[in-house]
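A look at the structure
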Amino acid sequence: MTVNLEVSEGVGTIRLNRPPMNALDVATQDGLRELAEEAARREDVRAVVLYGGEKLFAAGADIKEMQAMDHAAMVVRGRALQESFTAVAKIPKPVVAAVTGYALGGGCELALCADIRIAGDNAKLGQPEILLGLIPGAGGTQRLARLVGPSRAKDLIFTGRQVTADEALAIGLVDQVVPAAEVYEHALAYAARLAKGPAIALRAAKESIDAGLETDLDTGLAIERNWFAGLFATEDRERGMRSFVEDGPGKAKFL
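A brief structural summary. Everything numeric in this text was worked out from a predicted model, so none of it was measured. (Residues numbered from 1 in each chain as written. Predicted model: local features only at pLDDT ≥ 70, side-chain atom pairs only at ≥ 80, totals over all residues. Heavy atoms only, no water.)

1. A closer look at the nonpolar core
Counting 45 residues, the largest nonpolar core has Leu50, Leu125 and Leu173 as its most contacted members. The dominant element in this core, judged by the number of residues it contributes, is helix α3 (residues 71–89), at five residues. Residues within four places of Leu50 in sequence aside, it is in contact with Ile14, Phe57, Val88, Val95, Val96, Ala97, Ala98, Leu110 and Ala114. Among the nonpolar cores identified, the runner-up in size contains 13 residues, and Ala47, Ile116, Val178 and Ala191 belong to it. (Core = buried A, V, L, I, M, F, W, Y, C linked by side-chain atoms within 4.5 Å. Buried < 20%, exposed > 50% of the residue type's maximum accessible area, 1.4 Å probe, protein only. Helix = DSSP H or I, 4+ residues; strand = E, 2+ residues; numbered from the N terminus. Contact = heavy atoms within 4.5 Å.)

So, in structure tokens, the structure goes:
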């Protein structure tokens, strides 16, 4: 397998394993979809880390494989490509990307599917598809613009340039920058903290934010209102409020 899922103490790590550059070929794309769906189903997975390894996250698509495809082939494959990445984005649990080295093209698009991105100080991110006469095809034109704004997304996509970890942090493309050797450790610790939280409330928060961004404010508020009321039927809400009243804030245990 060129991608695998490892689970420990509530955190599932989806790890790319296609050396030397973790090129995202068709088999890896399909593997990502399968493992994302598995992580979504499994009750022992309460948070997810996306990781490419110590040296790099993913340098992009498998260009040699893609070069052999004609228009008809890509009409079919393009949907499957997007569906693979969307399966990661729709995992109903917190997802943290641990980005070391290159996260380019499809690698950057995969990082965009996470809720939080923690980058090493050696990270370089970008959407260089324009240099191939293409545009991003795995969600980059949509998720990048929603994350950093249309002007910054156009700059990165029009030029194909790579940004350093510091610039990525400044424009909101990543959320934290840490020493490269500590990226996975930090991502794992962040995910582990969330894995101890109230699972249904975390799902509600993620779905409310993501769905709300796709619609108008009134509809977004309705989504939030319905989830908020629904959480009053959960055991976690009872436990959390009881703990607050009896022991003070921040002491509830949800596992």
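2. Things to note about the pattern of salt bridges
Applying the stated criterion across every chain yields a total of 13 salt bridges. Notably, a salt bridge pairs Asp62 with Arg18, separated by 3.1 Å at the nearest N-O pair. Of this pair, Asp62 sits in the loop between β3 (47–51) and α2 (63–67) while Arg18 sits in the loop between β2 (11–16) and α1 (26–41), and the two are 44 residues apart along the sequence. When its relative accessible area of 23% is taken as the criterion, Arg18 is described as partly exposed. One salt bridge in this structure joins Glu214 and Arg146, with 3.1 Å as the shortest N-O distance. Here Arg146 lies in helix α5 (residues 140–148) and Glu214 lies in the loop between α9 (199–212) and α10 (217–230), a separation of 68 residues in the sequence. (Salt bridge = Lys/Arg side-chain N within 4 Å of Asp/Glu carboxyl O.)

3. Comments concerning unusual backbone geometry
Of note, the bond from Pro19 into Pro20 is cis; its omega dihedral lies within 30 degrees of zero at 5°. With respect to the helices, strands and loops of the structure, Pro20 is situated in the loop between β2 and α1.

4. A look at the pairing of β2
Along β2, five of the six residues are buried, which leaves the element largely enclosed by surrounding structure. Note: strand β1 (residues 3–8) against β2, six bridges, orientation antiparallel. Each residue of the ladder has a partner; that of Glu6, found in β2, is Thr13. Linkage of β1 to β2, two consecutive antiparallel strands, is achieved through a turn of two residues, within which Glu9 is found at a positive phi near 50°. Relative to β3, β2 is paired through five bridges, and the arrangement is parallel. Looking across to β3, one finds that Ile14 is bridged to Leu50. With α1 bridging β2 and the parallel β3, this β-α-β connection has right-handed handedness. (Pairing = 2+ DSSP bridges. Right-handed = clockwise from strand over helix to strand, strands pointing away.)

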